[in-house]
Each structure stands twice: as structure tokens, then as C-alpha cells.
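Observations on the model geometry
Single-letter residue listing:
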Amino acid sequence: MKIGIVGYPTYGGSGVVATELGMSLAKQGHKVHFISYSQPVRLDVLEPNIYYHEVNVHDYPLFEYQPYELALSSKMVNVALKYKLEVIHVHYAIPHAYAAYMAKLILKDKGVDLPIVTTLHGTDITLVGRNPSYKQAVNFSINHSDVVTSVSESLKQDTLSFFDIKKEIEVIPNFLDLSLYKPDDSCKHTFAEEGEKIITHVSNFRKVKRISDVIEIFHRIQKRIPSVLLMLGDGPEKERARKQAQDLDIADKVKFLGKTSEVERILCISDLFVLPSEKESFGLAALEAMGAGVPVISSNTGGLGEVNLHGITGFTADVGNVEAMSEGGIYILEDSDRHLDFARAARKQAERFAIDKIVPGYLELYEKAIAKSHV
Ligand code: GMT
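Here's what I pulled together on the structure shown here. Just so we're clear, the structure is a prediction, and the values are computed from it rather than from any experiment. (Residues numbered from 1 in each chain as written. Predicted model: local features only at pLDDT ≥ 70, side-chain atom pairs only at ≥ 80, totals over all residues. Heavy atoms only, no water.)

Attention now goes to the packing of helix H12 (residues 322–333) against helix H13 (residues 336–351). In contact at an axis separation of 6 Å, H12 and H13 are set at 110° when each is read in the N-to-C sense. The orientation of H12 with respect to H13, classified from their angle, is roughly perpendicular. Every residue of H13 that contacts H12 at Tyr-331, Ile-332 and Leu-333 is listed here: Arg-338, His-339 and Phe-342. Its residues assigned to classes, the contact of H12 with H13 comprises four nonpolar, one polar and one charged. (Axes fitted to C-alpha atoms, helices over the stretch in contact; angles between N-to-C directions. Helix = DSSP H or I, 4+ residues; strand = E, 2+ residues; numbered from the N terminus. Parallel < 35°, antiparallel > 145°, perpendicular 65-115°, else oblique. Contact = heavy atoms within 4.5 Å. Nonpolar A, V, L, I, M, F, W, Y, C, P; charged D, E, K, R; others polar.)

This is the structure:
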């Protein structure tokens, strides 16, 4: 199959899912064409069957805002025609689904029918998409996609309640490559003293992640359990978090590691993962921790409860309930047999989301969409 994939190239979850999906399809022999404004961070362009097409936005002094959607639609049309794409899969509705619809119309004018698959990821619905500035266009482009998927049941329900949706939404959860998580404690001493537990958080440090709750939860846990906090990723809330750690006098225990390519290795030496987000349609970061056999303390917002099973793989609590989240963390960490039970359950739950179980679902949808377009 010749497949186009459009997504964000950055560290955000939707970009990671788009990239991992495309690379997995390429390994199976499909020709996968990535279209984005820069090369996706996890994309290995040297692998066979992978092609990368950069969207270039031509600047002009008249523009205060560059017309990215226009350039993206044009690029989709050019790639579709040149490489005879059979389907195009866009990740994150804004502006990708809208640009894809325009590309579809242009192609139709040239006698080509290109089915569009749109995957909704989270904030494109729950935060940005419902904003009055975008709502009409998002609603329209979801309804005009040939196939729509969402990464959790919760996100599907949010989409149906925030928008006027006439399309069936298929839930295809996010996935992970379990072979990347290999138990190896050898670098634990790099971050923690003998007897200290390692607590980890990974995100893009946006407000929605409630970074100050991460620090507060750790502050409470480390009073009872000797531990360090590893903060992986980067973003707008990072400096505030650093200051909070200083004010709480725990700066020496909170280590900011920035954007790292060693996420899997660091998860494999972690004892607990913390994700207290305000909104989280799925929580891929939590799933990745569970793949490494790390119990998770999270909020119960959005799709997090579909990933982190309360009392089994970790604990969930209402957004902002740092007391319950830190008590849950202490309960898991204070008894090594109990910790092992949670860790094993976390890994077992992650196995339900193994890449080879989930990706065939996307292929089936592509086939259906292509078959429909030939009718
Ligand atoms: O919030 C992020 O980390 C980035 C964002 C994205 O779209 O890039 O993540 C969303 O998509 C991820 C992949 O499907 C989900 O795992 C995240 O839960 C979701 N984030 C939110 O809903 C806030």
C-alpha cells in the first residue's frame, strides 16, 4: 500500500504515534510518505520504504501569519500525484484534517479520489479544537474525513459531546514497542544514592500537565521514602518547576534532564511514574512507563483510567488531589513485594497495547477506506 502520513514532527504524543505507526508499516513493506514541516524526531529516514517530504512555507512581507495549511495541502497534492498515494492518514485534527480536505478537493478536480483517515489525539478536541476560533472548521473537517479514529473511548465521547459529529468514530488506542524496554539497573547509580527510589515524569511541560503537582507529589513522597525525581522533557513550565523545587528545598533531589533520546533506558531504572495532568486523552507517557514495568500515579482525567488501572497498575485520583496521589505513591514504594505486584501488573497491562496487536487495526481501516473510494 502507498500511504501518506501527516503529523507534527515534535516530541508531542501525536507525532510520536504517527512516526511509530509509519515506521511499523514500512517494516511490513508498505511505502510510507511522511509529510511535515520538519523531520519527525523519531523518524529513521535511512530505513527502507520511508520517504520524507518537507512542507516549505513561502514567506511574503504582506503575511503576518504564514499560510501553512495552504502549503500543506499543496504538498499533499503533489506527493499524492507523484507517488500515487492510495490513502492519507492525518494525525491531530488541527490543521491537518482541514488541509487534507482541501487536498482531497483539489485531487478530485484532477480525477483522483484520495481517502482521508483522521486520528484525533486529544487537545485538538478537548482544548484547542473547541475554541470558538477553530470549532466550525474542526467540526467540518472531522465530518468530511473518510474515516475518523480516536485514541481512547473517552476522547470519542468528548468529540461526540463537544461537536456535531455525523461520522462513526473508531477507537484505536495508542501502542508501544515492548522490545525497547529491557530491564537494566546498571545506570541507576548515575541518578540515585544507594537505597533511594527513582520517580520519573516525562512531558512537554505545558500547563495542562500540572507540573507543579508533580513537584508537590514528589515533595510529599520524599519526606517518607528516600527518593529522587527525574524530570524528562522541556517546555514552558520548566523554569517555574525549578523555582518551586528550590523554594521547597528539594532542588538537589529534582533533576531536570531535558529532551533525551534515553527515555526507555531511564524508564527501565524508574520505580514510579507520575502524570497528574489536567487533561489527557490517553497518556502515552504513562503507557511507556508501564511497558518498562513501572507503576503509575496519575489523575483520572480523560482516557488515563483506560490505561492506568486504579489499584492494579498504580493509582488514579481526581485532578489536583496531590494528597491521594502522593499517598498512593508511598503505598506502592514502601513495600517491595507490593511494588513488584504493581510493576508486574503494569507490564501486563502494557502488553495489551503492543504494537503488533494495534497496528493491524489501522491497516484494516485503510483497506476499507480505499475499497469505498473505488466504488
Ligand atoms: O499533550 C501531549 O503530550 C501532546 C499531545 C499531542 O497531540 O501531541 O498528546 C495527546 O496525544 C497523545 C498521543 O495520542 C496522547 O497520549 C495524550 O494523552 C494527548 N494529550 C492530551 O490529551 C493532553
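Relative orientation of the contacting elements helix H7 (residues 211–224) and H12 amounts to 45°, with a least axis distance of 9 Å. Viewed along their axes, H7 and H12 adopt a mutual orientation that is oblique. Note that H7 runs across H12; the crossing there is right-handed. Across the interface between the two elements, Asp-213, Glu-216, Ile-217, Arg-220, Ile-221 and Arg-224 from H7 touch Val-322, Glu-323, Met-325, Ser-326, Glu-327, Gly-329, Ile-330 and Leu-333 from H12. Across the contact of H7 with H12, the residue classes tally to six nonpolar, two polar and six charged. (Left-handed = near helix turned anticlockwise from the far one by under 90°.)

This part is about the sheet that holds strand E9 (residues 227–232). Where strands meet in a sheet, backbone hydrogen bonds hold them as pairs that are either parallel or antiparallel. If you trace the six strands from one edge of the open sheet to the other, you get E10-E9-E8-E11-E12-E13, paired in parallel fashion. Because the sheet does not close on itself, it has two edges, and the strands there are strand E10 (254–258) and strand E13 (314–317). For this sheet, the mean inter-axis angle between neighbouring strands, taken without regard to orientation, is 20°. As paired elements, strand E11 (residues 272–275) and strand E12 (residues 296–299) share three bridges and run parallel to each other. Counted as the bridge partner of Leu-275 is Ser-298 from E12. The strands touched by helix H10 (residues 284–291) within the sheet are strand E8 (197–202), E11 and E12, with E11 carrying the most contacts at an inclination of about 175°. (Pairing = 2+ DSSP bridges.)

This part is about the pattern of salt bridges. Per the counting criterion, the structure on display carries 22 salt bridges. Ionic pairing is found between Lys-104 and Asp-113, a salt bridge with its closest N-O pair at 3.3 Å. The class of Asp-113 is partly exposed, set by a relative accessible area of 39%. Between Lys-238 and Asp-234 there is a salt bridge, and its shortest N-O distance comes to 3.6 Å. You can call Lys-238 buried: its relative accessible area is 12%. A residue is classified by how much of its surface remains accessible, and Asp-234, at 35% relative accessible area, is partly exposed. Several salt bridges converge on common partners, so that one network encompasses Glu-20, Arg-42 and Glu-288. (Salt bridge = Lys/Arg side-chain N within 4 Å of Asp/Glu carboxyl O. Buried < 20%, exposed > 50% of the residue type's maximum accessible area, 1.4 Å probe, protein only.)

This part covers the side chain of Thr-123. Assignment of secondary structure puts Thr-123 in helix H4 (residues 123–126). The buried category is assigned to Thr-123, whose relative accessible area is 14%. A distance of 2.6 Å separates the side chain of Thr-123 from the side chain of Tyr-92, its partner in a polar contact. The residues touching Thr-123, leaving out its near neighbours within four places in the chain, are Tyr-92, Val-128, Gly-129 and Arg-206. (Polar contact = N/O pair within 3.5 Å; in protein donor to acceptor, adjacent residues only side chain to side chain.)

An order of E3-E2-E1-E4-E5-E6-E7 is seen for the seven strands of this open sheet, with the pairing classed as parallel. The two strands at the open ends of the sheet, each matched to only one other strand, are strand E3 (50–54) and strand E7 (169–171). Pairwise comparison of adjacent strand axes, ignoring direction, gives a mean angle of 25° for this sheet. Looking at chain direction, strand E6 (residues 147–150) and E7 are connected through three bridges and run parallel. Note on E7: the bridge partner recorded for Ser-150 is Val-171. Against the sheet, helix H1 (residues 13–27) touches strand E1 (2–6), strand E2 (31–36), E3 and strand E4 (87–91), its axis set at about 155° to E2. Across the sheet, helix H2 (residues 68–83) is in contact with E1, E2, E3 and E4; its angle to E2 comes to roughly 160°.

Here we come to the nonpolar core. One finds Met-76, Phe-273 and Tyr-366 to be the most contacted residues of the largest nonpolar core, which totals 94 residues. Looking at which element gives the most residues to this core, the answer is helix H14 (residues 355–373), with nine residues. Phe-273 has contacts with Thr-200, His-201, Val-202, Leu-267, Ala-285, Ala-286, Ala-289, Val-294, Pro-295, Val-296 and Ile-297, leaving out every residue within four places of it along the chain. In this structure, Ile-221, Ala-245, Val-254 and Ala-317 belong to the second largest nonpolar core, which totals 27 residues. (Core = buried A, V, L, I, M, F, W, Y, C linked by side-chain atoms within 4.5 Å.)

Turning our eyes to something else, we now look at the site of the ligand. Around the ligand, the surrounding shell holds 18 residues, and the nearest of these are His-121, Asn-174, Arg-206, Glu-280 and Ser-281. Side-chain polar atom of Asn-204 to an oxygen atom of the ligand: 3.2 Å apart, as the coordinates give it. Ser-281 places a polar main-chain atom, nitrogen or oxygen, 2.8 Å from an oxygen atom of the ligand. Look at the ligand: alone it shows 480 Å² of surface, and the protein chains cover 93% of it. Tallied by class, residues from the shell around the ligand come to four nonpolar, ten polar and four charged. Each of two domains, domain 1 (2–175 + 355–373) and domain 2 (178–351), supplies a minimum of three residues to the shell around the ligand. (Near = heavy atom within 4 Å. Areas by Shrake-Rupley, 256 points an atom, 1.4 Å probe, with all protein chains shown as cover. Domains from an automatic or database assignment.)

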